[in-house]
Amino acid sequence: MVRIAILASGSGSNARQLMAHFSGSPLAQVALVGCDQPGAGVLQRAWDMGVPSLLFSPAELRDGTLQHELASAGIGLLLLAGFMRLLPPELVRAWPGRILNIHPSLLPKYGGKGMYGHRVHQAVLAAGEKESGITIHLVNERYDEGKVLFQAKCPVLPGDDADTLAARIHALEHAHYPSAVEGYLKELPPAPPLPHV
Ligand code: GAR
């Protein structure tokens, strides 16, 4: 049984899908939701689903406190779901091949620092793209650059604004993130010893 931690900064609709998907699964369970934003919707969603949550500061992300908490909780897989900060290199190295992110565009397009949430959709619309989509990828030490595991596309329709496009992208994310994680987990070799901090 793999213990999953989700890191999120916002409303947490993807986190909710992940918690629901793995609830009662023999393969994995969401054991912790970590959040860097006081009052973020994801904290309420974790509470509603009976999943422990942890609010941490930017300093605690940088200084190893979060890494220590994750290791202490026996976390074997980290899922970013609308988490808006870069992970420190030490944390990335501590879970090699075991940190995934979802991004609301067809990477490498519309990724990188400052490209998150509605900003991505606004850039896609401004460029006149006819399609957009989602990317699920491994996390490395740079924004949105790890190995791509899965992509799915959707059309950009005439009359779309950032809200309508975001809704279409969210539906795609909710449909695919949990199953892509499950597929990835099934391919993973047994977990290495937990990292020590
Ligand atoms: C999602 O669309 C996710 O792809 C995006 O933030 C949104 C979070 O929504 N992530 C990024 O932009 C990361 N660069 P949610 O809080 O409802 O899951």
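Everything discussed here concerns the structure shown above.
Here's a quick rundown of the structure. (Residues numbered from 1 in each chain as written. Predicted model: local features only at pLDDT ≥ 70, side-chain atom pairs only at ≥ 80, totals over all residues. Heavy atoms only, no water.)

### What about the pairing of strand 5 (residues 99-103)?
In terms of residue burial, strand 5 counts as a mostly covered element, since 5 of its 5 residues are buried. Side-chain alternation along strand 5 places I99, N101 and H103 on one buried face and L100 and I102 on a second face that is also buried. In this sheet, strand 5 lies alongside strand 4 (residues 77-80) in parallel orientation, the contact comprising 3 bridges. From the neighbouring strand, L79 faces strand 5, where its bridge partner is L100. (Buried < 20%, exposed > 50% of the residue type's maximum accessible area, 1.4 Å probe, protein only. Helix = DSSP H or I, 4+ residues; strand = E, 2+ residues; numbered from the N terminus. Pairing = 2+ DSSP bridges.)

### A few points about unusual backbone geometry
Cis geometry is found at the peptide bond from L107 to P108, where omega equals 15°. Tracing the sequence through the fold places P108 in the loop between strand 5 and helix 6 (118-126). Not every positive phi belongs to a glycine, and Y110 is a case in point at roughly 60°. Among the structural elements, Y110 can be located in the loop between strand 5 and helix 6. Under the relative-accessibility criterion, Y110 is labelled buried at 19%. We note that D144 has phi near 60°; this positive angle belongs to a residue other than glycine. Its place among the elements puts D144 in the loop between strand 6 (131-138) and strand 7 (148-155).

### Re the environment of S72
Relative to the assigned elements, S72 resides in helix 4 (residues 65-72). Looking at S72, its side chain comes within polar contact range of the main-chain oxygen of H68, at 2.8 Å. (Polar contact = N/O pair within 3.5 Å; in protein donor to acceptor, adjacent residues only side chain to side chain.)

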